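Each chain is listed here by its residues.
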Amino acid sequence: MEIIANVQNLCKSYGQSEILKNCCLTLNKGEIYSILGVNGAGKTTLMKLLLGLQKPDSGTICVFGKNIAERNSYLSDIGSMIEFPTFYEHLGAEKNLEIHLSYLQKKANISNIIQKVGLSEAAGKPVSQYSLGMKQRLGIARAIIHAPKLLILDEPMNGLDPVAITEMRTLLLSLALEGITILLSSHIISEVLNTSDKIGVMTGGRISEEFSVREKTPEYREKLETQIIKILKEDSHGMDET
């Protein structure tokens, strides 16, 4: 399988707090890889390092076959939504995406992207009138409008109602079928099991356990969910003690 991103022995600290400790991760083309972890586990930090928004203390990050420390132009092939997406609230979806494309100096069929994320009926309304789920979908639209090869999404299902979660799952699965590699973080274990090809459980500043989710039977998902919850509970108790 083609490797899209590879992280080796990544370390990152903030002051005296060590967030990532020899963290390793491999992303293959067209797969959905989900990171699960308790708050403060380092999920967002890892994503920011992949995007070059922060620099690691040590370790290597290779994206599309090259070390990101040695290149400047790899971000044009990555789409991202880190933490809560922000927009020009007085403008609609179409205008927000037009502005984003102008920053990137790229062109795209905005109407098609808006339709793909299910915002056609609200495209002309100001974003200030959007629900949280609609803003999340617009964030996805902004992340994919330049046809990236890698999509990095921090909590894309955060705050969504059950209907919006189902719609988001359908969208992510369709993007993966188009060959886009997706790295996402989430707190919703059951939904991650429905969406992902692989799950990495982050504890102790690294991906401590990795599971394949190719098998989608209810029995397998239930067994895997129990196993993951046990790992996360142990990590949560360990963080409380420190």
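Here we summarise the structure given alongside this text. Please read these numbers as outputs of a predicted model, since none were measured by experiment. (Residues numbered from 1 in each chain as written. Predicted model: local features only at pLDDT ≥ 70, side-chain atom pairs only at ≥ 80, totals over all residues. Heavy atoms only, no water.)

### What about the sheet that holds strand β3 (residues 32–36)?
(1) Moving on: Read from one edge to the other, the open sheet built from 6 strands follows the order β6-β7-β8-β3-β9-β10, with strand pairing classed as mixed. Each edge of the open sheet carries a strand with a single partner, namely β6 (78–81) and β10 (206–212). Averaged over all neighbouring strand pairs, the angle between strand axes comes to 15°, with direction disregarded.
(2) Moving on: When β3 meets strand β8 (residues 181–185), the two strands line up parallel, connected through 4 bridges. Counterpart to Ser34 in the pairing with β8 is Leu184.
(3) Moving on: In this fold helix α5 (residues 162–177) packs onto β3, β7 (150–154) and β8, with an angle of close to 150° to the strand it touches most, β8. (Pairing = 2+ DSSP bridges. Helix = DSSP H or I, 4+ residues; strand = E, 2+ residues; numbered from the N terminus. Axes fitted to C-alpha atoms, helices over the stretch in contact; angles between N-to-C directions. Contact = heavy atoms within 4.5 Å.)

### Focus: the environment of Arg142
(1) Moving on: Mapping Arg142 onto the fold places it in helix α4 (residues 132–144).
(2) Moving on: You can call Arg142 partly exposed: its relative accessible area is 22%.
(3) Moving on: For the pair formed by Arg142 and Asn96, sequence separation is 46 residues and the distance between their alpha carbons is 8.4 Å.
(4) Moving on: Of note is the side chain of Arg142, whose polar atom sits 2.7 Å from the backbone oxygen of Thr86. (Buried < 20%, exposed > 50% of the residue type's maximum accessible area, 1.4 Å probe, protein only. Polar contact = N/O pair within 3.5 Å; in protein donor to acceptor, adjacent residues only side chain to side chain.)

### Let's talk about the nonpolar core
(1) Moving on: Core analysis: the largest hydrophobic core is formed by 42 residues, its most contacted members being Val63, Ile152, Leu183 and Ile228.
(2) Moving on: The leading source of residues in this core is strand β2 (residues 17–28), at 5 residues.
(3) Moving on: Leave out the neighbours within four places in its chain, and Ile228 touches Leu36, Ile189, Ile199, Val201 and Phe211.
(4) Moving on: In this structure, Phe87, Leu138, Ala164 and Leu171 belong to the second largest nonpolar core, which totals 36 residues. (Core = buried A, V, L, I, M, F, W, Y, C linked by side-chain atoms within 4.5 Å.)

### Digging into the packing of α4 against α5
(1) Moving on: At a minimum axis distance of 11 Å, the contact between α4 and α5 shows a crossing angle of 10°. The pairing of α4 with α5 is recorded here as roughly parallel in orientation. Seen along the crossing, α4 lies across α5 with a hand that is right-handed. In contact with Gln136, Arg137, Ile140 and Ile144 of α4, α5 contributes Ala164, Glu167, Met168, Leu171 and Leu175.
(2) Moving on: In terms of residue class, the contact of α4 with α5 is made up of 6 nonpolar, 1 polar and 2 charged. (Parallel < 35°, antiparallel > 145°, perpendicular 65-115°, else oblique. Left-handed = near helix turned anticlockwise from the far one by under 90°. Nonpolar A, V, L, I, M, F, W, Y, C, P; charged D, E, K, R; others polar.)

### What about the pairing of β8?
(1) Moving on: The element β8 is extensively covered by neighbouring structure, given that 5 of its 5 residues are classed as buried.
(2) Moving on: Of the two faces of β8, the one lined by Thr181, Leu183 and Ser185 and the one lined by Ile182 and Leu184 are each fully buried.
(3) Moving on: Relative to β8, β7 is paired through 5 bridges, and the arrangement is parallel. The partner of Leu151 across the bridge, within β8, is Ile182.
(4) Moving on: Regarding the hand of the β-α-β motif, the stretch spanning β7, α5 and β8 is right-handed. (Right-handed = clockwise from strand over helix to strand, strands pointing away.)

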